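Chains, contacts and geometry: an overview
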Amino acid sequence: MREGGGASPSIGFYKMKEIILITGCCGQIGSNLVKKLKNYDAEIIGLDISPPSEELKKIFDDKGKFISCNLLDLNELKKNRNLLEPATKLVHLASVVEDSNDVLSVAEKTIRLNLFSTINLLKILPNLKQICFSSSMMVYGSTKYSPIDESHITNPINLYGLSKKLTEDFLKIYSKEKSLDLSILRFTSIYGPGKYSGNSAKRAIPNFIRVVIEGKSPNIFGNYKEKRDYLFLDDAIEAIYLTLKKPFSDIINIGSGESVTILELASTICKIINPAIKPKIEGEAKSNPLNYLLNISKAKELIGFDPNVKIVEGLKLEIKNEIQ
Amino acid sequence: MKYNKILITGATGEIGSCLVKELSCENLLNLGRNKERLEKLGNKYVQCDLNDLNQLKTNIKLFEDVDCLIHLAANVKESKNVLENGAEMIENNIFSTVNLLKFLPNLKKIIFPSSCSVYGIFSSNEKVDEKHVANPEGIYAASKLATENLLSIYAKNKGIELCILRISSVFSPKEYSLNVGRAINIFAENISQNKTIKIIGDGENKRDFIYLKDVVLAIKWSFDKTGIYNISSGKSVSVNEIVKILKNIANKEVEITHESSLFKEPNYKYISTRAKKSGFIPKYSLNEALREVYSTYLS
């Protein structure tokens, strides 16, 4: 691990300005990260296949550039070479979740979209000093114990987890060769105000909120005693922010430090929106329910990560935003 | 054999060609790219490139009743050049597997010979069992691990039995090693011809070696197994020790030179824990196996 690192490495008397490239900058995490970096002493280059909001556009006009680009298209990337090449840091958020049980039909696509796009990107970024890669707790797959620490075996049970682990491995090999800092953040499920990207809109929290706002009972399928770890968006952004400020070369879990059962989650959402509505249990409680909880002591130690939004508070904020 | 039709991909390779010989049953279908070599193996075969969906399609009827797959075919050329070779490695090892599975609708069993390199590189005394975190340090190893994961997900969805064998460093008799160029074979050949042996580095780097015939036994054994198993001797041996044993077997003195190496070769040590009671126990001792290998260079 490199000592300190800090936000502004300097050579001689000149302060070298950091240039941070953020892929997937228009997604839920990306756009909030860009806003958080508004006053950060660095040039910010945003890259996304979708266009930025007016608010983001203003920040990019002020702090750097926005590039509209498909990462799978190397030629398109090369056209923006002059803008991309000077980047010293990469925050790689762009990613795709293919939602299908038909493994064979989506395997190639998922790997292409997640790994091959990353390989393309690295081809035009020769000046990187740090890569911050947003991975996922899905790399662990079925849990052997809980809370899950970083030395838990990886045994992904879906293609998303597989492609994240594969991309982690490739980035590790590349970073070792190039002696650059690879900071891998394995995120738990993230929730919070704003539009969820792609298939993540089907997740429990946005789904429950939508149903309860419509005046219906949220249905709970599967094992309602199963526990999950939900991290509020702002805390997730803080983790990336801390990683940029204090570069390291390692894998860290980023979770909330707490887990709730699916039933507690649904009940809490009902209570906030309309206490008359109660969740409807469709599944059954099995013995030894799984507890998908991440152990976050390494992140605490390494970057001082300390999530501070409790699930009730976070849900209130997300619901307030939905109702407005 | 409880399976109707066993498809062996990579049948003409080092492990494949030995396996085909040892299985010696009627219901094999060998798959490879080289027609000449396939014909030499004798069994029914299909000449096919797994990267090419059209070639697979042409043979769709042959694959229909395959109920057991031994998937040896792989691009094994390790490289650290992620940007140059990364995508190709994934295409050759993962996408080809996806292609193949699309044409095997009636599978009941998959045996996947993987590699101990999925664990990464270790300091000499670390014990690596199947519960150890996989941390591949080359793109071949990474692609093997991802293929394992893919097969696990697929097999679980489809209710197919899957056995993954993580094989350590293989060495083999002359006839099987011709296209491989392994150090042990070069040493054996040089000793038999009284030539100087060149060792790269100080020769103290250790590996866990497993004899080809034990690998074949392990594959046969895995017909009734599911899960992940290390297939290794459980002992690590240095290159210098190997040379010493070969010299003893040959009862010869040969000159040894050490060539400097830019890189310090890592030590590899893979211990299949017997905690997994059903773990595979190799039949050949290192001495016996090296004796067999050496004898193939005397003729």
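Please refer to the structure placed before this passage.
Below, the structure is looked at part by part. All of these numbers come straight from a predicted model, not from anything done at the bench.

Listed per partner, the contact involves 26 residues of chain B and 25 residues of chain A. Of all elements in the fold, only α5 (82-102) and α6 (139-158) of chain B reach the threshold of two or more residues within the side of chain B that touches chain A. In terms of residue count, the dominant contributor to the side of chain B that touches chain A is α5(B) (10 residues). In terms of residue class, the side of chain B that touches chain A is made up of 18 nonpolar, 4 polar and 4 charged.

Next up on the list: the packing of helix α5 (residues 103-123) of chain A against α5(B). In the contact formed by α5(A) and α5(B), the axes pass within 11 Å of each other and the chain directions differ by 180°. Classified by the interaxial angle, the pair formed by α5(A) and α5(B) is roughly antiparallel. Two secondary-structure elements touch here, α5(A) through A:Leu104, A:Ala107, A:Glu108, A:Ile111, A:Leu115, A:Phe116, A:Ile119, A:Leu122 and A:Lys123 and α5(B) through B:Val82, B:Leu83, B:Gly86, B:Ala87, B:Ile90, B:Ile94, B:Phe95, B:Val98, B:Leu101 and B:Lys102. Of the residues in the contact of α5(A) with α5(B), the class split is 15 nonpolar, 1 polar and 3 charged.

We now examine the sheet that holds strand β11 (residues 227-231) of chain B. Residue and element names in this part refer to chain B. Taken in spatial order, the 7 strands make up an open sheet running β3-β2-β1-β4-β5-β6-β11, and their pairing is parallel. Both outer strands of the open sheet, β3 (44-47) and β11, are each paired with one neighbouring strand and no more. Each neighbouring strand pair of the sheet contributes to a mean axis angle of 20°, computed without reference to strand direction. Bridge analysis of strand β1 (residues 6-9) against strand β4 (residues 68-71) gives 4 bridges, and the strand direction is parallel. By the bridge assignment, Thr 9 is partnered in β4 with His 71.

So, on to the nonpolar core. If you look at the biggest cluster of nonpolar residues, it comprises 178 residues, and the most contacted ones within it are A:Ile22, A:Ile254, B:Ile8 and B:Val215. The dominant element in this core, judged by the number of residues it contributes, is α6(B), at 11 residues. Shared between two domains, this core holds at least three residues of each, these being domain 1 (6-169 + 209-231) and domain 2 (172-207 + 235-269 + 284-295) of chain B. Beyond its immediate stretch of four places on either side in the chain, B:Val215 contacts B:Ile15, B:Ile167, B:Val170, B:Ile210 and B:Ile231.

Here the focus is the environment of A:Leu104. Relative to the helices and strands, A:Leu104 is located in helix α5. Here A:Leu104 falls in the partly exposed class, since 17 other C-beta atoms lie within 10 Å of it. In sequence terms A:Leu104 and A:Ala266 are 162 residues apart; their C-alpha atoms lie 34 Å from each other. With sequence-adjacent residues up to four places away left out, A:Leu104 is seen in contact with B:Val98, B:Leu101 and B:Lys102.

Ordered by their spatial adjacency, 3 strands build an open sheet running β14-β11-β16 (chain A), and the pairing between neighbours is mixed. Two strands close off the open sheet at either side, each with one partner strand: β14 (260-261) and β16 (291-292) of chain A.

Here the focus is the pairing of β4(B). Two faces make up the sheet, and in a regular strand the side chains alternate between them. Residues and elements named next belong to chain B. Of the two faces of β4, the one lined by Cys 68 and Ile 70 and the one lined by Leu 69 and His 71 are each fully buried. For β4 and strand β5 (residues 109-115), the ladder comprises 3 bridges, and the chain directions are parallel. Looking at β5, one finds that Leu 69 is bridged to Ile 110. Tracing the backbone out of β4, into α5 and back to the parallel element β5 gives a crossover that is right-handed.

Attention now goes to unusual backbone geometry. The residue after A:Ser146, namely A:Pro147, is reached through a cis peptide bond having omega -5°. Counting through the fold element by element, A:Pro147 comes out in the loop between β7 (130-136) and α6 (159-178). A positive phi angle, near 45°, is found at A:Ser179, a position not held by glycine. Positionally, A:Ser179 belongs in the loop between α6 and β8 (181-187). Unlike most non-glycine residues, B:Asn194 shows phi in positive territory, near 55°. Overall, B:Asn194 belongs to the exposed group, with 11 C-beta atoms counted inside 10 Å.

Quick notes on the rules
- Residues numbered from 1 in each chain as written.
- Chains lettered and ligands numbered in written order.
- Predicted model: local features only at pLDDT ≥ 70, side-chain atom pairs only at ≥ 80, totals over all residues.
- Contact = placed C-beta atoms within 7 Å.
- Helix = DSSP H or I, 4+ residues; strand = E, 2+ residues; numbered from the N terminus.
- Nonpolar A, V, L, I, M, F, W, Y, C, P; charged D, E, K, R; others polar.
- Axes fitted to C-alpha atoms, helices over the stretch in contact; angles between N-to-C directions.
- Parallel < 35°, antiparallel > 145°, perpendicular 65-115°, else oblique.
- Pairing = 2+ DSSP bridges.
- Core = buried A, V, L, I, M, F, W, Y, C linked by C-beta atoms within 7 Å.
- Buried ≥ 20, exposed ≤ 12 C-beta atoms within 10 Å, placed from the backbone.
- Domains from an automatic or database assignment.
- Right-handed = clockwise from strand over helix to strand, strands pointing away.

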